[in-house]
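Coordinates in review
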Amino acid sequence: MKSQPPATGDDFGEHRRSTPAAAGPRTGPRTGPRTGPRIRPRDLQRIVRRVVVLATAGFALYGLWRYDVETMPAEAVSPLHAVGGGDRLLLDRRPPRVEPRDIVLFDRDGALYLGRIAPLPAPADRRSWRAPWEHTAADPRALWIEVDRPGHPASAELGPMPAAAVRARVVAIL
């Protein structure tokens, strides 16, 4: 194979003019070397629009899968003062965790009840203090449920609730 002599400025310019890409008309100002295909604004707008539509549909499906709206019966007396008859509740059907003071729907013997997770009382003496459910709860993740009105099921009568008994957490009262 024969080696070619190095190109001089004139040879390079003639070679460049003889290629088909360089022979065509330029369509705009060229400020530097072209590194890839140009994306026209219309194509970029189409890509962004598709991404936004897919993201919106994904978030909507996730919201339908995780959240639900329930209405309290109008004639029913709520066990909590914050929730009244006829109120609509936005429920998180798959809560990752529940915290003290969260309002929850819990299942006991096949029926759903409304209650609040009790906060841990402040211990007077940390060496002798035990939570009310520590004496009877076999599951360390058991929850203590409280209500505001007497006559409704709560942990005082039913004992500690297993964490699996929580069916939903109330996110908002609408």
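Here is what the cut-offs are and how they apply
Residues numbered from 1 in each chain as written. Predicted model: local features only at pLDDT ≥ 70, side-chain atom pairs only at ≥ 80, totals over all residues. Heavy atoms only, no water. Helix = DSSP H or I, 4+ residues; strand = E, 2+ residues; numbered from the N terminus. Buried < 20%, exposed > 50% of the residue type's maximum accessible area, 1.4 Å probe, protein only. Contact = heavy atoms within 4.5 Å. Areas by Shrake-Rupley, 256 points an atom, 1.4 Å probe, with all protein chains shown as cover. Pairing = 2+ DSSP bridges. Axes fitted to C-alpha atoms, helices over the stretch in contact; angles between N-to-C directions. Phe/Tyr/Trp six-rings, centres within 6.5 Å; stacked < 30°, edge-to-face > 60°. Lys NZ or Arg CZ within 6 Å of the ring centre and 35° of its normal. Salt bridge = Lys/Arg side-chain N within 4 Å of Asp/Glu carboxyl O. pLDDT = per-residue confidence, 0-100. Patch = residues over 30% accessible without salt bridge, like charges linked within 9 Å, V, L, I, M, F, W, Y side chains within 5 Å.

Structural notes on the overall build of the chain
Tallying secondary structure elements over the chain gives four helices and six strands in all. Taken from N to C terminus, the helices and strands of the chain fall in the order α-α-α-β-β-β-β-β-α-β. Across the 174 residues in the chain, those meeting the buried criterion constitute 20%. Within the chain, contacts between residues at least 6 apart in sequence are counted, and of these 54% link residues at least 24 apart. Within the structure as shown, the chain displays about 13,200 Å² of accessible surface, and the carbon and sulfur contribution to it stands at 57%.

Some points on the pairing of strand 4 (residues 111–117)
Remark: a regular strand shows side chains that alternate across the two faces of the sheet. Bridge count between strand 3 (residues 103–108) and strand 4: six bridges; the pairing is antiparallel. Residue pairing across strands places Ile103 opposite Arg116, the latter belonging to strand 4. The antiparallel hairpin formed by strand 3 and strand 4 contains two residues in its connecting segment, where Asp109 sits at a positive phi of about 60 degrees.

Some words on the sheet that holds strand 5 (residues 145–146)
Strand order across the open sheet formed by six strands is 1-2-6-3-4-5, with antiparallel pairing between neighbours. Two strands lie at the open edges of the sheet, namely strand 1 (67–71) and strand 5, each paired on one side alone. Alignment of strand 1 against strand 2 (residues 88–92), held across five bridges, turns out to be antiparallel. Of the residues in strand 2, the one forming a bridge with Asp68 is Leu91. Across the sheet, helix 3 (residues 41–66) touches strand 1 and strand 2, and the angle it forms with strand 1 is around 50 degrees.

Regarding the packing of aromatic side chains
Scanning the model with the defined rule gives two aromatic pairs in all. Centroid distance Tyr62 to Trp65: 5.9 Å. Interplanar angle 40 degrees. Geometry classified as tilted. Pair noted here: Tyr62 and Trp65 are both in helix 3, with a separation of three residues, about one helical turn. The class for Tyr62 is partly exposed, based on a relative accessible area of 38%. In this structure Trp65 comes out as partly exposed when scored by relative accessible area, which is 49%. Between Phe106 and Tyr113, the aromatic rings sit 5.8 Å apart at their centres with planes inclined by 35 degrees, giving tilted as the arrangement. Judged by relative accessible area, Phe106 falls into the buried class, the value being 0%. Here Tyr113 falls in the partly exposed class, since its relative accessible area comes to 29%. Lying across the ring of Trp65, Arg94 places its NZ or CZ 4.4 Å from the centre.

Concerning the pattern of salt bridges
By the definition in use, this model includes 10 salt bridges. In this structure, the salt-bridge partner of Arg40 is Asp43, at a minimum N-O distance of 3.3 Å. Residue class for Asp43 comes out partly exposed when judged on its relative accessible area of 21%. Close ionic contact of Arg116 with Asp148 constitutes a salt bridge, the shortest N to O distance being 3.1 Å. Of this pair, Arg116 sits in strand 4 while Asp148 sits in the loop between strand 5 and helix 4 (155–158), and the two are 32 residues apart along the sequence. According to the relative accessible area criterion, Arg116 is buried, its value standing at 13%. Three or more residues joined by partner-sharing salt bridges are found here, namely Arg40, Asp43 and Arg46.

Structural notes on the confidence of the model for the chain
Averaged over the chain, the pLDDT score is 78; the fraction of residues at 70 or greater is 68%. Per-element confidence in the chain ranges from a low mean pLDDT of 51 for helix 1 (residues 9–18) to a high of 96 for helix 3.

Digging into a nonpolar patch on the surface
A cluster of nonpolar side chains, Ile39, Leu44, Val48 and Val52, forms an exposed patch at the surface whose accessible area comes to about 370 Å². By secondary structure assignment, the location of Val52 is in helix 3.

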